[in-house]
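The chain contents come next:
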Amino acid sequence: MDYNVLMEKAIEASKNSYSPYSKFPVGACVLTTNDKIYTGCNFENSSFGLTICAERNAIGSAIADGERKIKAIAIYSPNTDNCYPCGACRQVLYEFKSENGIDIILKQGDGLTYYKIDELLPGGFDL
Ligand code: THU
């Protein structure tokens, strides 16, 4: 799967963001080990703590469709280069990593940057 395609889908998803409070739209696109693709955007609430990040929205759609292993995720915000996943989303990603981990794909200028989940969350919690 071309990671540029995942990023394009993350960019498209960010356009559906509901972020009237932060005005910080985010889109995400997850690729599972079955080569299925799921997108998500952040959606906020007037009770601010109920906000759901784009990454967890996309992961939730994958899980609801029966997927369990994620091999890559693209994350995008028009507001910043390299929109890194928050700590909570890193832990949620960690739960569903494939045997090759998860490639985390960010947009930097016209190019992409790549990280592994183990790099962004060393010693992630596991039962
Ligand atoms: N946000 C995400 O969707 N993903 C991240 O990894 C960082 C933060 C959202 C949550 C909130 O709606 C807005 O960005 C500002 O924090």
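Residues numbered from 1 in each chain as written. Predicted model: local features only at pLDDT ≥ 70, side-chain atom pairs only at ≥ 80, totals over all residues. Heavy atoms only, no water.

Engineer: Describe the environment of Asn-4, naming the residues involved and giving the relevant values.
Structural biologist: Relative to the helices and strands, Asn-4 is located in helix H1 (residues 3-14). Judged by relative accessible area, which is 44%, Asn-4 ranks as partly exposed. Sequence-wise, Asn-4 and Lys-107 are 103 residues apart; in three dimensions their C-alpha atoms are separated by 9.6 Å. (Helix = DSSP H or I, 4+ residues; strand = E, 2+ residues; numbered from the N terminus. Buried < 20%, exposed > 50% of the residue type's maximum accessible area, 1.4 Å probe, protein only.)

Engineer: Which residues make up the packing of helix H2 (residues 54-64) against helix H3 (residues 87-95), and what values do they have?
Structural biologist: Where H2 contacts H3, the two axes come as close as 9 Å, and the packing angle between them is 25°. With respect to each other, H2 and H3 are oriented roughly parallel. For the pair H2 and H3, the sense of crossing is left-handed. Of the residues in H3, those touching H2 at Glu-55, Arg-56 and Ile-59 are Ala-88, Cys-89, Val-92 and Leu-93. Among the residues making up the contact of H2 with H3, the classes are represented as five nonpolar, no polar and two charged. (Axes fitted to C-alpha atoms, helices over the stretch in contact; angles between N-to-C directions. Parallel < 35°, antiparallel > 145°, perpendicular 65-115°, else oblique. Left-handed = near helix turned anticlockwise from the far one by under 90°. Contact = heavy atoms within 4.5 Å. Nonpolar A, V, L, I, M, F, W, Y, C, P; charged D, E, K, R; others polar.)

Engineer: Give me the side chain of Thr-32: which residues, what numbers.
Structural biologist: As for its placement among the helices and strands, Thr-32 is situated in strand S1 (residues 27-32). Of note is the side chain of Thr-32, whose polar atom sits 2.7 Å from the side chain of Glu-67. Those residues in contact with Thr-32 that sit more than four places away from it in its chain are Tyr-38, Ala-62, Glu-67, Lys-69, Ile-70 and Lys-71. (Polar contact = N/O pair within 3.5 Å; in protein donor to acceptor, adjacent residues only side chain to side chain.)

Engineer: Break down H2 for me, with residues and values.
Structural biologist: Among all positions in H2, only Ala-54, Glu-55, Ala-58, Ile-59 and Ala-62 are buried. The arc that holds every buried residue of H2, seen down its axis, measures 130°, which confines them to one face. Buried-residue contacts for H2 involve S1, strand S2 (37-41), strand S3 (70-76) and H3. The first or second residue beyond H2 is Gly-66, which carries a positive phi of 95°. (Arc of directions from axis to C-beta.)

Engineer: Residue-level account of the site of the ligand, with values.
Structural biologist: Inspection of the region around the ligand gives Ser-22, Phe-24, Val-26, Asn-42, Glu-44, Thr-51, Cys-53, Ala-54, Glu-55, Tyr-84, Pro-85 and Cys-86 as its neighbouring residues. Measuring from an oxygen atom of the ligand, one finds a side-chain N or O atom of Glu-55 at 2.6 Å. At a separation of 3.4 Å, an oxygen atom of the ligand approaches a polar backbone atom of Tyr-84. Contact with the protein chains removes 79% of the 370 Å² of surface that the ligand exposes when unbound. Considering only residue class, the shell around the ligand consists of seven nonpolar, three polar and two charged. (Near = heavy atom within 4 Å. Areas by Shrake-Rupley, 256 points an atom, 1.4 Å probe, with all protein chains shown as cover.)

Engineer: Account for unusual backbone geometry, with residues named and values stated.
Structural biologist: Positioned with a positive phi, Asp-35 is a non-glycine residue whose angle comes to about 60°. Residue placement: Asp-35 occurs in the loop between S1 and S2. With a relative accessible area of 46%, Asp-35 lands in the partly exposed category.

Engineer: With reference to specific residues and values, describe the nonpolar core.
Structural biologist: Soluble globular proteins: nonpolar side chains tend toward being buried together. Core analysis: the biggest nonpolar cluster contains 22 residues, and Ile-73, Leu-93 and Ile-104 have the highest contact counts within it. Sorting the residues of this core by element identifies S1, H2, S3, H3, strand S4 (103-108) and helix H4 (117-120) as the ones contributing at least two each. With four residues, the top contributor of residues to this core is H2. Look past the residues within four positions of Leu-93 in its chain and what remains in contact with it is Ile-59, Ile-70, Ile-73, Ile-102, Ile-104 and Ile-117. Counting 10 residues, the second largest nonpolar core, distinct from the first, contains Met-7, Ala-10, Cys-29 and Ile-105. (Core = buried A, V, L, I, M, F, W, Y, C linked by side-chain atoms within 4.5 Å.)

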